[in-house]
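Notes for the structure review
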Amino acid sequence: MALRWSARGPVVDMAAESGPLLGMTDDPELYREILLDHGQHPRGDGLLDPCDLATEGSNADTGDVVRLTVRLAEGQIAEMGFTAEGSAVLRASCSLMTEALTGQSTVEAAAKADQFMALLRGESDDDNWDGLGDAVALRGIRQFPARVRCAILPWRTFARLIAQ
Amino acid sequence: MILDKDSLVSQWDVAQVRAEFPILGQTVNGHPLVYLDNAATSQKPRAVIERLDRYYRTENANIHRGVHALSQEATAAYEAARESVARFIGAPEARSCIFTRNATEAINLVAATWGREHIGAGDEILVSEMEHHANIVPWQMLAEQVGATVTVIPINDRGELDLDALPALLTSRTKLLALCHVSNSLGTINPVEQIIPLAKAKGITVLIDGAQSTAHFPVNVATLGCDFFVFSGHKVCGPTGIGVLWGKPDLLNAMPPYQGGGDMIDRVSFAGTTFRQIPERFEAGTPHIAGAIGLGAAAEYLMGLDQQALAAYEHELLTYATEQLQAIDGLQIYGEAAHKVSVISFTLAGIHPNDIGTMLDVDGIAIRTGHHCTMPLWARFGLEGSTRASFAFYNTLAEVDALTASLRKVQKLLG
Ligand SMILES: Cc1ncc(COP(=O)(O)O)c(C=O)c1O
């Protein structure tokens, strides 16, 4: 099965039919692609200095720690940078979030973070991933309740930062 | 007849043992369940499941209270369970076995009662670097309240206690030594037979955390010579929600009560209340009757097994798993004590334990990842945690192979 990362439609289909972690464990190719792409070469890796907003979030039970920095320009998120101590799921989620939220207004971005968290927590009725870009690849995480917290951590951290 | 190791191992009929554990026949994520998280909690044999079932079907009543037949029956079963538990840990008197919720509550009980009375400002509570949080945090809380300090026996790179450092740590201010019998993260068996007399010679009270040892080999609190011994039912094939505090009877009876309420009192009046002796003294309110009875059944089940063959078999599992895991490139085992139980903690270069855990789960393999409630231990090794495979007497060599095959797969994908 060919993987086309940027094309939203095919990704949705594959994520739905393939195995679980990051949408795919039983499809090694897909798993590999995503983890290599975002987990090992994350977008937004490294903290921004100077930055306009900075925060930290952690999960005591998984040991995950995320540090987030944001640069703003005219009410929009111009750039995001993070460091993640934790699993490949966490790193990939950070990276996918950076991609999905950069260029958005803070209000839009916060709404997207809420949308993502509701989707992963299974609180969303319509399973609508529109506007979240490649982050849809993380939908498979829902089959691993223990890992949902890892995937959500960057988004939760971001949402809290904006709310402040 | 003296049996050599191989013939002992061959005496262990693992297929027959597995047949006693209904859950082991399951498939998980389309694969046969490979349960290697025994240090977290053990699976339950038919004997325990059926005992709980029988209790609720035919014996359920409150204990120590009723004159009616069922209450008598439930009381008898509850107290018979105490007798089984006493034999299980070699306690000379059943009344010195207090039922608690778990090992954690047993430790907290000692801290809140004996600790509050005997530990004061400037005193020292000695623990080890490999303790479970359950045997650290209650002592830190107590130390905070009374102005004592918690001191720590260091470990070496193999994950053994540094016995050379011990004598200097047993000071005139040391009031308590609280030490695990076996480390849940490393598998290390601590030489408590050697350590306890050193502490006792200095008049130090000793609490042994037997949460892990009781799952692997018979213990005898009388010969150990400790003052307190704690363990959890759920790790020794018993139900959750039930644990045991054993203490020397005189020590227990001299301690102030833990919780107040029904069953633990002698007489109550608004002018003043008097308390009962052990065990009721520390069992306020309706206890986990079914849990205690289930734990009694678990203790009987374990005592009925061939201990020598079991030990030889688990050692075989440990040796084989260690060899197979060490053969994986980039895999590092933590905990290489000369004496250890079948628990193996490891890291796999460049791969986070939580990713390993999730991918193994996809193959039906249950292992534990993270700090295993021993954060100071992992800090000692400069780690956040590990991946831990812990084996019980019902695991098989084929399950070790499944583990290593799955780990190689993870490594190919993520390494
Ligand atoms: C060594 C040790 N001590 C104490 C405990 C606490 O046991 P419980 O959670 O059943 O109270 C555990 C359980 O993980 C343990 O392994």
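Structure: see above.
Let me begin by describing the structure that accompanies this report. (Residues numbered from 1 in each chain as written. Chains lettered and ligands numbered in written order. Predicted model: local features only at pLDDT ≥ 70, side-chain atom pairs only at ≥ 80, totals over all residues. Heavy atoms only, no water.)

Time to look at the overall build of chain A. A count of helices and strands for chain A gives five helices and three strands. Per-residue burial over chain A gives 50% buried out of 164 residues. Intrachain contacts of chain A at a sequence separation of at least 6 include 54% that bridge at least 24 residues. Of the roughly 7100 Å² that chain A leaves accessible, carbon and sulfur atoms contribute 47%. (Helix = DSSP H or I, 4+ residues; strand = E, 2+ residues; numbered from the N terminus. Buried < 20%, exposed > 50% of the residue type's maximum accessible area, 1.4 Å probe, protein only. Contact = heavy atoms within 4.5 Å. Areas by Shrake-Rupley, 256 points an atom, 1.4 Å probe, with all protein chains shown as cover.)

Within chain B, the regular secondary structure consists of 15 helices and 17 strands. For a compact globule of 415 residues, the expected C-alpha radius of gyration is about 22 Å, and chain B comes in at 22 Å, within 12% of that figure. A principal-axis box enclosing the C-alpha atoms of chain B has dimensions of 75 × 55 × 45 Å. Taken over 415 residues, chain B has a buried fraction of 56%. In the structure as shown, chain B presents an accessible area of about 16500 Å², 54% of it carried by carbon and sulfur atoms. Distance from the positive charge centre (30 side chains) to the negative charge centre (44 side chains) of chain B: 5 Å. (Rg over C-alpha atoms; globule rule 2.2 N^0.38 Å. Lys, Arg positive; Asp, Glu negative; His and termini not counted. Charge placed at Lys NZ, Arg CZ, Asp CG, Glu CD.)

Further remarks concern the sheet that holds strand β17 (residues 386-390) of chain B. Residues and elements named next belong to chain B. Pairing in this open sheet of four strands is antiparallel, and the strands run β13-β14-β17-β16 from one edge to the other. Taken across any chain shown, the strands that pair with only one partner, and hence form the sheet edges, are β13 (331-334) and β16 (368-370). The average undirected angle you get between the axes of adjacent strands in this sheet is 30°. Sheet topology note: the β16/β17 ladder contains three bridges and is antiparallel. Among the inter-strand pairings, Gly-370 is bridged to a residue of β17, identified as Ser-386. The strands touched by helix α13 (residues 353-362) are β14 (343-348), β16 and β17; relative to β16, the strand with the most contacts, the crossing angle is about 160°. (Pairing = 2+ DSSP bridges. Axes fitted to C-alpha atoms, helices over the stretch in contact; angles between N-to-C directions.)

Below, the discussion takes up the environment of Asp306(B). Mapping Asp306(B) onto the fold places it in the loop between α11 (289-303) and α12 (307-326). Apart from the residues lying within four places of it in its own chain, the contact partners of Asp306(B) are Gln11(B) and Trp12(B).

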